[in-house]
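# Structural description and commentary
Each chain, letter by letter, is given below.
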Amino acid sequence: MKKHHMRRAFFVTLVIALILCCFLAPYAWIVASSFKNQLTLFNDVTPLSWKAFLPVGGTIENYQSLFKRTNVLTALANTAIVAGGQVALTLLLCSMAAYSLTRVSFPGAKIVFVLILLTFLLPIEALMVPLYQVVSGLGLSNTLLGVMIPWVASPFGLFLLKQAFEELPVELEDAARIDGAGHVRIFFSIVLPNVKVPMLTLGLITFLFSWNSFLWPLVIVQDPANQVIQVAIAQQGSPTQLPNWGETFAGATVATLPLILLFLLLQKYFTQGMTTSGIKG
Amino acid sequence: MADVSLKKVGKTYENASANTIEDLSLDIRSGEFVVLVGPSGCGKSTTLRMLAGLEELSEGEIWIANRRVDELEPRDRNIAMVFQNYALYPHMTVAQNMSFGLRLAGMDKAEIRRRVEEAAKLLDIAPLLDRRPKQLSGGQRQRVAMGRAMVRDPAVFLFDEPLSNLDAKLRGQMRAEIRRLHKRLKATTVYVTHDQVEAMTLADRVVVLNKGKIEQQGTPQELYERPATRFVAGFIGSPTMNFLPAKVVTESTRPALRIGEATIPVPAHKAETVLQRVGQDIEIGLRPEHFLVDGPADLSATIDMAELLGPTTLVHFTLAGMTCSAMLPPELAAPEGEVQSLRIAFDRMSIFDPKTGHAL
Ligand SMILES: Nc1ncnc2c1ncn2[C@@H]1O[C@H](COP(=O)(O)OP(=O)(O)OP(=O)(O)O)[C@@H](O)[C@H]1O
Ligand SMILES: [Mg+2]
C-alpha cells in the first residue's frame, strides 16, 4: 500500500518536473543569453548544448549598453503608469457597472449585459483600426492615457465582478440601509470590502494584460518618450544593423522581472482568479 | 416606544400577476410584541420590509409614533431589523458591526462605546467584540445581530424569522432570551415567523396572515381556543387539529352531530347556530387533547399507531374516513391494533362551515 503510494508520488513529481522544464526552458535561455555576447550566444545553440540555459562566460555588457543606449527606463516607468492607471480605472469602472447590473433592475438589463459580453468575442486585431480612429479623434494618440483608455471598460472584469456581487447576500445592503447608509456608502463600505479577492484577481489580470500589451501601444504611440516597455524592446535594434540579441534578451529580462516579482507576491489570488474565471464562471 | 399602524396597505410587485398584500390594516400598541405568522409565501416578509422601508408600498399608509413614515428612508423611521441570515458585515468585527449605524449617524465615540458595551453585556457577547462574524457560532451571530439592533435604541424592533437557522435546542433558548429582552426593553416588536410554536410562545398578539390578508388576530390563547377560520385552526397548534365531516341531526328536538357511526351532543353555546343547519353537512374541529378516556365513551376506534412522547401518548386512528390523532395519558392509551373507547370534550370543539371555512 505504502510502496504503491510512493511510486505514484514519484511519477506525479516526475511529470510535473518535465512540464515545468518545458515551460521554464525558454525563460532560462533568455536570462542566460542576456549575460552572453553575440558570439557565445550563437555558439551555445549551434549545436544546442546545455550551456545555452546557463549564464556561462557571463558578462553584464548587454545590461550596461541597454541602460545607456536605450530609453528602457523611461519605457518601464511609462508601462508602470499605464498598467497602474489601467488597473485603477478598470476596477472602478467594472465594479460600478457590475454592481448596477446586479442590483438595479431596469428594462433591458439582460440585453445590455449580453451585448457587453459579446464584445468579449471580438479579437483585438479586429478592433485596431476603429479604436485608433476614436482614440486619436479624442486627441489621445501619443499619450499614456490613450494607451490604457480603450481597455478599462473590460467585459471580462464586468463578468467576473458580477458573479461576485451575485453571491453577496442582498440582506447586507438592506442592513446597511437600515443602519443609515446611502448608495455610495453601501457600495464603498459594505459591498467592495466583501469582494476583495475578485477585485484583486481582476487587478492582477489587468496588470498582466496591460504590461504585456504590444500591438495597441505600437499603433497609438509613435513618440519614443511615451513608449511602453514591450514596444521599446522590440524597437531597440537600429534598422540598419543586425539586432544585438544579448541586449534584446537583457531587455526581455528587465521587462519580465517586475511581473515575476508581482506574481510571487500575489500568487494565491492569481491562481484563484484563473480557476474561478475558468470553471466556476 | 411607539404605536405602529398599517392603514389599508397593499403591495403588488412589478412583474407579479397578483397582489402580494391586499388591504392590510393593523394597529400595534406601544410596547406590544406582535407576531406575524403564516405559511411560506403569504407575505410576512413583504409586510415587515414595508414597515422597515426596504420595500415601497403600492397602496396605503404606515404610521410610527404618530408620524407618517411610508415615504421616509429606513434610517428616518426609528426602527431596527434583525434578519434571518443575520446579515452581519463579514469584514467588520462584532463591535464594528454593532456600531456601524451609530458611527454613520456621527454619534460621539464615548457614547458609542458605552452603548456597544452595554448591549454586549446584556447579550452575553462581551468577550466576542473583537471577533469577525466568521469566527462565531450561529447562536452568537444571532446575538450580535440583536445587539446591532439594540444599540440604535429604536422605537420598533423588526425580526424576520431570526431563529430559523438555529438548531432546535438553541432556538428554544433564544426564544426565551428574546422574550426576556422584550420584557426588559419594552420596545414595540414585530416578529415574523412561520413557526406557530414561536408565535404562541412569544406573542402578546398573534396575527395570522394567509395569502396577503389577515385571517385572524388575537392573543395566542384566543387563536388556539377560538379559531375564526378552518385555516387558523389548522395552522395553530401542534399536533394539528383533527377535522371531521359531520351532519347536523336532531335528537328529541335537541341538535346533535352525527360523525360516522357516532352521535354526539352539541355544546349549549353552539346549539342555536347549529339548529339552523339541521340536515346540512358541517365540519368539526377537535384538537388532539379534546379526546378523553375517562367517563362514558362517545365512540370507539381501532388504534393504527401509537407514538410515545413521554408525558403523553399520541395515538392515531381513523374516524369517519379521516385520520385522527389524540393525546392520551400513556397509562390509559390502548396499544396498536386494539380498540380504544373515547369521550369527546364536545364543549371545546370548533364547528366550521365547510364551504366558507368560517367558524360557526
Ligand atoms: N422582489 C420580489 N419580486 C416579486 N415577487 C416577490 C418579491 N419578493 C417576494 N415576492 C413574492 O411575494 C410573495 C410573498 O413573499 P414573502 O417573502 O413576503 O413571503 P413570506 O411570507 O415571507 O414567506 P417565507 O415564509 O417563505 O419567508 C411570494 O409569492 C413571493 O414570491
Ligand atoms: Mg419571509
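Looking at an unreviewed UniProt entry, one finds chain B named Multiple sugar transport system ATP-binding protein, with Xaviernesmea oryzae as its source organism. Its UniProt record, at the heading Sequence similarities (unreviewed entry), says of chain B: "Belongs to the ABC transporter superfamily." Recorded in UniProt for chain B, the comment headed Subcellular location (unreviewed entry) runs: "Cell inner membrane".

As recorded in an unreviewed UniProt entry, chain A goes by the name sn-glycerol-3-phosphate transport system permease protein UgpE, listed as coming from Xaviernesmea oryzae. One UniProt comment on chain A, placed under Sequence similarities (unreviewed entry), says "Belongs to the binding-protein-dependent transport system permease family." If you open the UniProt record of chain A and go to Subunit (unreviewed entry), you find "The complex is composed of two ATP-binding proteins (UgpC), two transmembrane proteins (UgpA and UgpE) and a solute-binding protein (UgpB)."

### Some remarks on the overall build of chain B
Per the secondary structure count, chain B includes nine helices and 20 strands. Projecting the C-alpha coordinates of chain B onto the three principal axes gives extents of approximately 80 × 45 × 35 Å. Within chain B, the fraction of its 360 residues that count as buried is 50%. Looking at chain B alone, contacts between residues at least 24 apart form 67% of all its contacts between residues at least 6 apart. Side-chain charges of chain B comprise 45 positive and 46 negative groups, with the mean position of each set lying 6 Å from the other.

### Considering the interface of chain B and chain A
Between chain B and chain A, the contact holds 23 residues from the first and 17 residues from the second. Both sides of the chain B and chain A interface together cover about 1,700 Å² of buried area, and 61% of this is carbon and sulfur. For the chain B face of the interface with chain A, the top three residues by lost area are B:Tyr89, B:His91 and B:Leu104, together amounting to 29%. Across the chain B-chain A interface, the total number found is two salt bridges. When the shortest N-O distance is used, the salt bridge between B:Arg152 and A:Asp179 registers 3.5 Å. In this assembly, chain B and chain A are joined by 11 residue pairs in polar contact (both at pLDDT 80 or more). When contributions to the side of chain B that touches chain A are tallied by element, the ones reaching two or more residues are helix H1 (44-52), strand S6 (79-82) and helix H2 (94-104) of chain B.

### A short note on the site of ligand 1
Residues and elements named next belong to chain B. Every residue near ligand 1 is listed here: Tyr13, Thr20, Pro39, Ser40, Gly41, Cys42, Gly43, Lys44, Ser45, Thr46 and Glu161. Within the backbone of glycine 43, a nitrogen or oxygen atom sits 3.0 Å from an oxygen atom of ligand 1. Calculation on ligand 1 without its partners gives an accessible area of 630 Å², and the protein chains cover 59% of this total. Split into classes, the residues belonging to the shell around ligand 1 amount to three nonpolar, six polar and two charged.

### Quick notes on the nonpolar core
Of all hydrophobic cores here, the largest spans 76 residues; its most connected members are A:Phe165, B:Ile62 and B:Leu158. Tallying contributions element by element places helix H4 (residues 72-103) of chain A first for this core, with 10 residues. Those residues in contact with B:Leu158 that lie beyond four places of it in its chain are B:Leu48, B:Leu51, B:Ala52, B:Ile79, B:Ala80, B:Met81, B:Val82 and B:Val190.

### Points about the environment of A:Gln235
All names here are of chain A. Assignment of secondary structure puts glutamine 235 in the loop between helix H13 (229-234) and helix H14 (245-280). Overall, glutamine 235 belongs to the partly exposed group, its relative accessible area being 47%. C-alpha of glutamine 235 to C-alpha of leucine 218: the two residues are 17 residues apart in sequence and 9.8 Å apart in space. Each residue touching glutamine 235, except ones within four places of it in the same chain, is listed here: Leu218 and Gln227.

### Description of helix H4 (residues 138-151) of chain B
Relative to the 20 Å expected for 14 residues at 1.5 Å per residue, H4(B) spans 20 Å between its end C-alpha atoms, a close match to the ideal helical length. Of all 14 residues making up H4(B), 11 are buried, and the element is well covered by its neighbours. Buried residues in H4(B) make contact with helix H9 (170-178) of chain A together with S6, H2, helix H3 (109-123), strand S7 (156-160) and helix H5 (168-185) of chain B. Just downstream of H4(B) lies B:Asp153, where phi reads positive at about 50 degrees.

### Topic: the packing of aromatic side chains
If you walk through the whole model with that rule in mind, you get 18 aromatic pairs over all chains. Between B:Phe231 and B:Phe235, the aromatic rings sit 5.9 Å apart at their centres with planes inclined by 10 degrees, giving stacked as the arrangement. Here B:Phe235 and B:Phe231 lie together in helix H8 (residues 230-235), a separation of four residues that amounts to about one turn. Taken together through their ring pairs, the aromatic side chains of A:Tyr99, A:Phe165, A:Phe187 and A:Phe188 make up a single cluster. Over the face of the ring belonging to A:Phe113 we find A:Lys162, whose NZ or CZ atom lies 4.1 Å from the ring centre.

### With respect to the UniProt feature "transmembrane region" (unreviewed entry) in chain A
All names here are of chain A. Taking the UniProt record as the reference, the feature "transmembrane region" (unreviewed entry) is found at residues 75-99, 111-132, 144-165, 186-209 and 248-266. In this annotation, residues 75-99 is assigned 100% helix and 0% strand; the end-to-end C-alpha distance for the span is 35 Å. End C-alpha atoms of residues 248-266 are separated by 28 Å, and the span's content is 100% helix alongside 0% strand.

### Brief notes about empty space enclosed by the protein
The tally for this structure, following the rule as stated, stands at three cavities of 30 Å³ or more. Mapped onto the lining of the largest cavity, the elements with two or more residues apiece are H4, S7 and H5 of chain B. Ranked by residues supplied to the lining of the largest cavity, first place goes to H5(B) with four residues. Its residues placed into classes, the lining of the largest cavity shows 11 nonpolar, two polar and no charged. Approximately 50 Å³ is the volume attributed to the second largest cavity. Taken together, the elements giving at least two residues each to the lining of the second largest cavity come down to H9 of chain A together with S6 and H4 of chain B.

### Some words on the sheet that holds strand S2 (residues 21-28) of chain B
Residue and element names in this part refer to chain B. The strand order S2-S1-S4-S5 describes an open sheet built from four strands, whose pairing is antiparallel. Looking at the sheet topology across the chains shown, the edges are occupied by S2 and strand S5 (67-68). Relative to strand S4 (residues 59-64), strand S1 (residues 4-11) is paired through five bridges, and the arrangement is antiparallel. From the neighbouring strand, lysine 7 faces S4, where its bridge partner is glutamate 61. In the packing of H1 onto the sheet, the strands contacted are S1, S2 and S4, and the crossing angle to S1 comes to about 120 degrees.

### Re the domain arrangement of chain A
Residue and element names in this part refer to chain A. If you check the domain split of chain A, you get domain 1 (2-59) and domain 2 (71-276). Computed over C-alpha atoms only, the centres of domain 1 and domain 2 are separated by 33 Å. Between domain 1 and domain 2, a total of about 660 Å² is buried, with carbon and sulfur atoms accounting for 73% of that surface. On the domain 1 side of the contact with domain 2, Ile30, Ser34 and Gln38 bury the most area, a combined 57% of that side's loss. Taken together, the connections running from domain 1 to domain 2 amount to zero salt bridges. Summed over the shared surface of domain 1 and domain 2, the number is one residue pair in polar contact (both at pLDDT 80 or more). Top contributing element to the side of domain 1 that touches domain 2 by residue count: helix H1 (residues 2-33), with four residues. By residue class, the composition of the side of domain 1 that touches domain 2 is five nonpolar, three polar and one charged.

The rules we used
Counting of residues starts from 1 at the beginning of each chain's written sequence and follows it residue by residue. Going through the entries in the order they are written, you letter the chains from A and number the ligands from 1. Residues qualify for local features only when their pLDDT is at least 70, as the model is predicted, and side-chain atom pairs are given and counted only at 80 or more; totals for whole chains, interfaces and linings, by contrast, use all residues. Each side-chain value is derived from all of the structure's non-hydrogen atoms; neither hydrogens nor water enter the calculation. UniProt positions are given in the numbering used here, feature names are shortened, and annotations may be inferred rather than shown by experiment. Runs of E in the DSSP output that reach at least two residues are strands. Runs of H or I that reach at least four are helices, and both are numbered from the N terminus. Each residue gets one of three labels from its accessible area relative to the maximum for its type: buried under 20%, exposed over 50%, partly exposed in between, using a 1.4 Å probe on protein chains only. Should any heavy atoms of two residues lie within 4.5 Å, those residues are counted as being in contact. For this count, His and the chain ends are skipped, Lys and Arg are scored as positive, and Asp and Glu as negative. Working definition for charges: the position is that of NZ of Lys, CZ of Arg, CG of Asp or CD of Glu. Here the buried area means the combined drop in accessible surface, using a 1.4 Å probe, for two parts upon being joined, counting both sides. Just to be clear on terms, a salt bridge is a Lys or Arg side-chain nitrogen sitting within 4 Å of an Asp or Glu carboxyl oxygen. In the analysis that follows, any N or O atom pair within 3.5 Å is treated as a polar contact, provided that within protein one partner can donate a hydrogen and the other can accept it, and provided that, for residues neighboring in sequence, both atoms belong to side chains. One heavy atom within 4 Å of a molecule or strand makes the whole residue count as near it. All accessible-area figures derive from a Shrake-Rupley calculation using a 1.4 Å probe, and residue coverage is judged against the displayed protein chains alone. Polarity classes work like this: nonpolar for Ala, Val, Leu, Ile, Met, Phe, Trp, Tyr, Cys and Pro, charged for Asp, Glu, Lys and Arg, and polar for all others, with Gly in that last group. Think of a nonpolar core as a cluster: buried Ala, Val, Leu, Ile, Met, Phe, Trp, Tyr and Cys residues, connected wherever their side-chain atoms sit within 4.5 Å. In this analysis, the expected span of each helix is defined as 1.5 Å times one less than the number of residues it contains. Note on ring pairs: Phe, Tyr and Trp rings are taken, using the six-membered ring of Trp, and paired if centres are within 6.5 Å. Classes follow the plane angle, with under 30 degrees stacked, over 60 edge-to-face and the rest tilted. For a Lys NZ or an Arg CZ to count as sitting over a ring, it must be within 6 Å of the ring centre and within 35 degrees of the ring normal. Here the term cavity refers to a set of points on a 1 Å grid, laid over the protein atoms alone, in which a 1.4 Å probe fits but cannot get out; the term pocket refers to an open set having protein on both sides within 12 Å along at least five of seven lines, with lining residues being those that place an atom within 4 Å of a point. Grid points are joined across faces, edges and corners, and a volume is the space filled by probe spheres set on the points. Pairing between two strands requires that DSSP report at least two bridges joining them. Angles shown run from 0 to 180 degrees and are taken between the N-to-C directions of axes, each axis being a line fitted to C-alpha atoms and, for helices, limited to the stretch in contact. Domain start and end points were adopted from an automatic or database domain assignment.

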